[in-house]
Amino acid sequence: QQQVKQSPQSLIVQKGGISIINCAYENTAFDYFPWYQQFPGKGPALLIAIRPDVSEKKEGRFTISFNKSAKQFSLHIMDSQPGDSATYFCAASMGGNMLTFGGGTRLMVKP
Amino acid sequence: NAGVMQNPRHLVRRRGQEARLRCSPMKGHSHVYWYRQLPEEGLKFMVYLQKENIIDESGMPKERFSAEFPKEGPSILRIQQVVRGDSAAYFCASSPQQDSGANVLTFGAGSRLTVL
């Protein structure tokens, strides 16, 4: 019940396209859903996060969509750029910093 | 502001040796979290510490692994009698206050342990 399932494992998108990464969770006690971006050899960095009282949050080219009834949330990267090429992790927690991470999506944006 | 500092960045050990990984949290942060990332997998929570206290160690293997965060100095993750399955990247993260909602959790660059 602690699992967070993430898909796809890898994604190739053309420059300017939309990247979409999906996550699903089981534990209804989760109430904080962040997305992290990780470049090779670096630690994860917080990209954007959402709480279940809203269905969508947008920050620049990055948008989280949240569907509480389906227990799913997704990350949309608009106008994807080669610099967005990285591994993206969704995560969830019960309000604190003990995060349960998804398995990661390796995104490649082709010029 | 140097961020979360982890060392060593890379560590090679033979089976049966000990590995010690160190983490200095961001200035002003008093809460430290350790996560482990196995190859091609997501991060898994291991342990949450405050100064001189282990708050939650539910993700720590029961044997060979220990963690501490002394009053002075960095947090240390210690792995005794390492095995090949311990090969992973170990990430430390810090936050300024207790369970602040995770929006101020900052990760270090990680320590990559290779067990031969």
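Residues numbered from 1 in each chain as written. Chains lettered and ligands numbered in written order. Predicted model: local features only at pLDDT ≥ 70, side-chain atom pairs only at ≥ 80, totals over all residues. Heavy atoms only, no water.

Colleague: If you had to explain the interface of chain B and chain A to someone new, which residues and values would you point to?
Modeller: For interface size, the figure often reported is the accessible area lost on association. Between chain B and chain A, the contact holds 23 residues from the first and 19 residues from the second. For the pairing of chain B and chain A, the buried interface totals around 1600 Å² over both sides, and the portion due to carbon and sulfur atoms is 53%. Connecting chain B to chain A are zero salt bridges. Inspection of the region where chain B meets chain A yields six residue pairs in polar contact (both at pLDDT 80 or more). Breaking the side of chain B that touches chain A down by element, the ones donating at least two residues are β4 (31–37), β5 (43–50) and β9 (88–95) of chain B. For the side of chain B that touches chain A, the per-class residue count stands at ten nonpolar, seven polar and six charged. (Contact = heavy atoms within 4.5 Å. Buried area = accessible area lost by both parts, 1.4 Å probe. Salt bridge = Lys/Arg side-chain N within 4 Å of Asp/Glu carboxyl O. Polar contact = N/O pair within 3.5 Å; in protein donor to acceptor, adjacent residues only side chain to side chain. Helix = DSSP H or I, 4+ residues; strand = E, 2+ residues; numbered from the N terminus. Nonpolar A, V, L, I, M, F, W, Y, C, P; charged D, E, K, R; others polar.)

Colleague: Explain the sheet that holds strand β7 (residues 65–68) of chain B to me, using residue names and the numbers behind them.
Modeller: All names here are of chain B. Taken together, four strands build an open sheet; the order of strands is β1-β3-β8-β7 and the sheet is antiparallel. Since the sheet does not close on itself, it has two edges, and those belong to β1 (5–7) and β7, each with one partner. Going across the sheet, the axis of each strand differs from the next one's by a mean of 15°, ignoring polarity. Of the pairings in the sheet, the one linking β1 to strand β3 (residues 19–24) comprises three bridges and is antiparallel in character. By the bridge assignment for β3, Asn7 is matched with Arg22. (Pairing = 2+ DSSP bridges. Axes fitted to C-alpha atoms, helices over the stretch in contact; angles between N-to-C directions.)

Colleague: How would you sum up the nonpolar core? Please name residues and give values.
Modeller: One finds Phe33, Trp35, Phe73, Leu75 and Tyr88 of chain A to be the most contacted residues of the largest nonpolar core, which totals 24 residues. Elements with a contribution of two residues or more to this core: β2 (10–14), β3 (19–25), β4 (33–38), β5 (45–50), β7 (62–67), β8 (72–77), β9 (86–92) and β11 (105–110) of chain A. The greatest single-element share of this core, amounting to four residues, is contributed by β9 of chain A. If we skip the residues at most four places from it in the chain, Phe33 of chain A touches Tyr25, Ile48, Ala49, Ile50, Pro52, Ile64, Phe66, Phe73, Ala91 and Ala92 of chain A. Val4, Leu11, Trp34 and Val115 of chain B belong to the second-largest nonpolar core, a separate cluster that totals 23 residues. (Core = buried A, V, L, I, M, F, W, Y, C linked by side-chain atoms within 4.5 Å. Buried < 20%, exposed > 50% of the residue type's maximum accessible area, 1.4 Å probe, protein only.)

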